[in-house]
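Structural description and commentary
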There are 2 protein chains.
Amino acid sequence: MDVFEAIRGRRSIRKFTSQVVSEEMVNVLVEAARMAPTAGNAQAYMLVIVREGERKRRLSEAAFGQGQVQMAFVVFVVCADLKRAMASYGERGCSLYCLQDTAAVTENVLLTAYSLGLGTCWIGAFDETAVKSVINAPVDMRPVVMISIGYPAEMPMPRPRRLPSEFVHNETF
Amino acid sequence: MDVFEAIRGRRSIRKFTSQVVSEEMVNVLVEAARMAPTAGNAQAYMLVIVREGERKRRLSEAAFGQGQVQMAFVVFVVCADLKRAMASYGERGCSLYCLQDTAAVTENVLLTAYSLGLGTCWIGAFDETAVKSVINAPVDMRPVVMISIGYPAEMPMPRPRRLPSEFVHNETF
């Protein structure tokens, strides 16, 4: 699927069928994550891939009951690697670059999943401490995104967006 | 161009030719930015598009002399809109979501540019205060990315990446 078509067509999917997502597809998504640009190529992230029902239920609970986490076939928990970020870039690495790295990873996964016929939802609203506990994360791993992934059971309309004239400035504000 | 092909083929480009990037192409890049997913669809970002030579020179200076900023035909300064982020999500909006929003915007621009035959570089290392001054940014606009864009004058080799076994965990760490 064409890049621009994927960018335009992707939606947040919050209802999934029970259809199995193949290991091959999961591997393609991991490869898309792997190729994301990262600050100074520091790759300051880790992925935890969750498929077990009870663990997804606990992640859903940590995400204030968002049902798509539990309903998804598989959930990617994207963690910022604070140790790696700190070693490469100090405070700016921890508070900015590793958050950008993990977001680029996430966007690559979302677009690739859509091109494979899968639905995804980018989830940022959750209790980080609770998620850390569910995935047994070391102290220097900060979960910042959960991506719920599965075959879509809904086709939402596009959300409204601002016009370019509302967010683009030429030369200066 | 196929999504996955773009994800795999994209490189950071730091040398550009003087070839003009058409307005049509810039508009496609703006549209790719516009379609990025944002937390709660809050679209907590603004874009400043810089083409003037003297202004690019000053941005390059603010980026500690990174030459690709000055050499690029056009530079997108991607700003996190702290006011919008705060209004929607408070502190987590300002310190996380708007940084993720701007990174998703950036990745969409990078992939689309590559599919159009353009080169880009994601720049995160700069003096934010100096950049704010160059683009006359209001106090609540935080420049977090500069994207230098132009026709590539180099074809870098892919940077090494970790193996999936080095960054993927199943179920837990």
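Quick note: structure is the one above.
Throughout this document, residue positions are counted from 1 along each chain, in the order its sequence is written. Each chain gets a letter, beginning with A, and each ligand a number, beginning with 1, in the order they are written. Under the rules for a predicted model, residues below a pLDDT of 70 receive no local features and side-chain atom pairs below 80 are neither given nor counted, while totals for whole chains, interfaces and linings still include all residues. Heavy atoms from the whole structure form the basis of all side-chain values; hydrogens and water molecules are not counted.

1. Some words on the relation of the copies chain A and chain B
Structural alignment of chain A on chain B gives an RMSD of 0.0 Å, achieved by rotating through 180° and translating 0.0 Å along the axis. One copy is carried onto the other by what is essentially a two-fold rotation axis. Contacts are assigned to residue pairs with any non-hydrogen atoms lying within 4.5 Å of each other. Both copies contact each other with a shared surface, as 100% of the interface residues of chain A are interface residues in chain B too. The superposition of copies rests on a least-squares fit of C-alpha positions from residues with pLDDT of 70 or more in both.

2. Description of the environment of Pro158 of chain B
What counts as a helix is a DSSP run of H or I of at least four residues, what counts as a strand is a run of E of at least two, and both are numbered from the N terminus. The residue Pro158 of chain B is located in the loop between strand 4 (141–150) and helix 7 (164–167) in this model. On a C-alpha basis, the gap between Pro158 of chain B and Ser12 of chain B in space is 9.2 Å, while along the polypeptide they are 146 residues apart.

3. With respect to the packing of aromatic side chains
Each pair of aromatic rings taken from Phe, Tyr and Trp, with Trp reduced to its six-membered ring, is defined by centres within 6.5 Å and is described as stacked if the planes are under 30 degrees apart, edge-to-face if over 60, and tilted in the remaining cases. A complete count under the given rule lists 4 aromatic pairs over all chains for this structure. Measuring from centroid to centroid gives 5.0 Å for Tyr89 of chain B and Tyr97 of chain B, while their planes differ by 85°, and the two rings are edge-to-face. We classify Tyr89 of chain B as partly exposed; its relative accessible area is 37%. Sitting over a ring, as applied to charges here, requires NZ of Lys or CZ of Arg to be within 6 Å of the ring centre and within 35 degrees of the ring normal. The positively charged end of Arg92 of chain B is found above the aromatic ring belonging to Phe126 of chain A, 5.4 Å away from the centroid. Positioned over the ring face of Tyr45 of chain A is Arg162 of chain B, at 4.8 Å from the centre of the ring. When accessible area is computed with a 1.4 Å probe and restricted to protein chains, residues below 20% of their type maximum are described as buried, those above 50% as exposed, and intermediate ones as partly exposed.

4. Focus on the nonpolar core
With 117 residues, the main nonpolar core has Leu59, Phe76 and Val77 of chain A together with Leu59, Phe76 and Val77 of chain B as its most contacted residues. Not counting chain neighbours up to four residues away, the residues in contact with Leu59 of chain A comprise Val50, Val69, Val75, Val77, Val131, Val134, Ile135 and Met146 of chain A. By nonpolar core we mean a set of buried residues, namely Ala, Val, Leu, Ile, Met, Phe, Trp, Tyr and Cys, connected to one another through side-chain atoms within 4.5 Å. Membership of the second largest hydrophobic core comes to 14 residues, among which are Ala32 of chain A together with Val3, Ala6 and Leu111 of chain B.

5. A short note on the packing of helix 3 (residues 53–62) of chain A against helix 6 (residues 128–135) of chain A
Residues and elements named next belong to chain A. At a closest axis distance of 9 Å, the pairing of helix 3 and helix 6 adopts a crossing angle of 170°. What the angle tells us is that helix 3 and helix 6 run roughly antiparallel. Residues Arg55, Arg58, Leu59 and Ala62 of helix 3 form the contact with helix 6, whose own contacting residues are Ala130, Val131, Ser133, Val134 and Ile135. In terms of residue class, the contact of helix 3 with helix 6 is built from 6 nonpolar, 1 polar and 2 charged. A fitted line through C-alpha atoms serves as each axis, taken over the contacting stretch for helices, and the angle formed by two N-to-C directions is quoted from 0 to 180°. Our angle categories are set so that under 35 degrees counts as roughly parallel, over 145 as roughly antiparallel, 65 to 115 as roughly perpendicular, and the remainder as oblique. In this count, Pro and Cys sit with the nonpolar residues alongside Ala, Val, Leu, Ile, Met, Phe, Trp and Tyr, while Asp, Glu, Lys and Arg are called charged and the others, Gly among them, polar.

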